[in-house]
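Examination of the molecular architecture
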Amino acid sequence: LYTLLGSRRPENCALVRVAGDSMADIGLFNGDYVLFDRSDTGGDGIFVISLFGETRVKRLQYRLADQKIFIASENAKRYPEPEVVPMSYIQEGHLLIHGRVFAWLHRHPY
């Protein structure tokens, strides 16, 4: 497991189980586990977040000029449009960014 961490500090890393198929287009499936770095919360990328208390794994893209954050799924057929929220959601506590995903584990059913 430590090999997956690379240069990340183990105390900053956490694991969460994925529920749903919203990230299936990148090979992240229901029941998989994602490893994320709680000390890495800035910039664009795939993150573990909570939006109004609901924990999700999503792609975030910041649009600084518009003061907006695009929250996108990676399942074009089911979720073709991203959610768009104001950056103020972070300060207001509606959007929590728990950390950047850096690896995931897929468990086969056999």
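Counting restarts for each chain: residues are numbered from 1 in the order of the written sequence. Note on the predicted model: pLDDT of at least 70 is required for a residue's local features to be given, and 80 or more for side-chain atom pairs to be given and counted; whole-chain, interface and lining totals, by contrast, use all residues. Side-chain numbers come from the whole structure's heavy atoms, not from hydrogens or water.

1. Some remarks on the side chain of Ser50
Every helix listed is a DSSP run of H or I at least four residues long, and every strand listed is a run of E at least two residues long, numbered separately from the N terminus. Structurally, Ser50 is set in strand E3 (residues 45-51). The cut-offs for exposure are 20% and 50% of the maximum accessible area for each residue type, with area from a 1.4 Å probe on protein chains only; residues under the lower value are buried, those over the upper are exposed, and the others partly exposed. With relative accessibility at 6%, the residue Ser50 sits in the buried group. N or O atoms closer than or at 3.5 Å make up a polar contact, with two conditions inside protein: a donor-capable atom paired with an acceptor-capable one, and, for residues adjacent in sequence, both atoms drawn from side chains. A distance of 3.2 Å separates polar atoms of two side chains, one belonging to Ser50 and the other to Thr55.

2. Topic: the sheet that holds strand E2 (residues 33-37)
Strand pairing is assigned whenever DSSP identifies at least 2 bridges connecting the two strands. Pairing is antiparallel in the open sheet, where seven strands are placed in the order E1-E2-E7-E3-E4-E5-E6. This sheet does not close on itself; its edge strands, each paired only once, are strand E1 (13-17) and strand E6 (83-86). Ignoring which end each strand starts from, the neighbouring axes of this sheet average 45° apart. Every axis corresponds to a line fitted to the C-alpha atoms, with the helix fit spanning only the stretch in contact, and the corresponding angles, defined between N-to-C directions, vary from 0 to 180 degrees.

3. Overview of the nonpolar core
One finds Phe47, Ile49, Leu51, Leu60, Tyr62, Ile69, Ile71, Val85, Met87, Leu95 and Ile97 forming the largest nonpolar core, which totals eleven residues. Tallying contributions element by element places E3 first for this core, with three residues. A contact between two residues is defined here by any heavy atoms of the two lying within 4.5 Å. The residues touching Leu60, leaving out its near neighbours within four places in the chain, are Asp44, Gly45, Phe47, Ile49, Ile69, Phe70, Ile71 and Ile97. Residue types Ala, Val, Leu, Ile, Met, Phe, Trp, Tyr and Cys, when buried and joined through side-chain atoms within 4.5 Å, form a set referred to as a nonpolar core.

4. Let's talk about the layout of surface pockets
Buried and open spaces are told apart on a 1 Å grid over the protein atoms alone, a cavity being a set of points where a 1.4 Å probe fits but cannot get out and a pocket being an open set with protein on both sides within 12 Å along at least five of seven lines. Residues with an atom within 4 Å of a point are the lining residues. Grid points are joined across faces, edges and corners, and a volume is the space filled by probe spheres set on the points. Of the volumes computed, that of the largest pocket is approximately 270 Å³. Around the largest pocket, the lining comprises 17 residues; the ones closest to its centre are Ala19, Ser22, Thr55, Arg56 and Val57. Secondary structure elements with two or more residues in the lining of the largest pocket: E1 and strand E4 (54-63). Sort the elements by how many residues they give to the lining of the largest pocket and E4 lands first, with five residues. Classification used: nonpolar for Ala, Val, Leu, Ile, Met, Phe, Trp, Tyr, Cys and Pro, charged for Asp, Glu, Lys and Arg, polar for all others including Gly. Here the residues of the lining of the largest pocket are counted per class, giving eight nonpolar, three polar and six charged.

5. Thoughts on unusual backbone geometry
Positive phi is not limited to glycine here, since Phe52 has a value of about 50°. Relative to the helices and strands, Phe52 is located in the loop between E3 and E4. A positive phi angle, near 55°, is found at Gln67, a position not held by glycine. Secondary-structure assignment places Gln67 in the loop between E4 and strand E5 (68-72).

6. Thoughts on the packing of aromatic side chains
Note on aromatic pairs: each is described by the distance of the centres and the angle between the planes. Think of it this way: a Phe, Tyr or Trp ring, Trp meaning its six-membered ring, pairs with another when their centres are within 6.5 Å, and the plane angle makes it stacked under 30 degrees, edge-to-face over 60, tilted otherwise. Counted under the stated rule, the structure contains one aromatic pair. Ring geometry for Phe52 and Tyr89: centres 5.3 Å apart, planes at 80°, overall edge-to-face. Note that Phe52 is positioned in the loop between E3 and E4 and Tyr89 in helix H2 (residues 88-92), a separation of 37 residues in sequence. With relative accessibility at 54%, the residue Phe52 sits in the exposed group. The ring of Phe70 carries the charged tip of Arg63 above its face, separated from the ring centre by 4.2 Å. In this analysis the charged atom, NZ for Lys or CZ for Arg, is taken to sit over a ring once it is within 6 Å of the ring centre and within 35 degrees of the ring normal.

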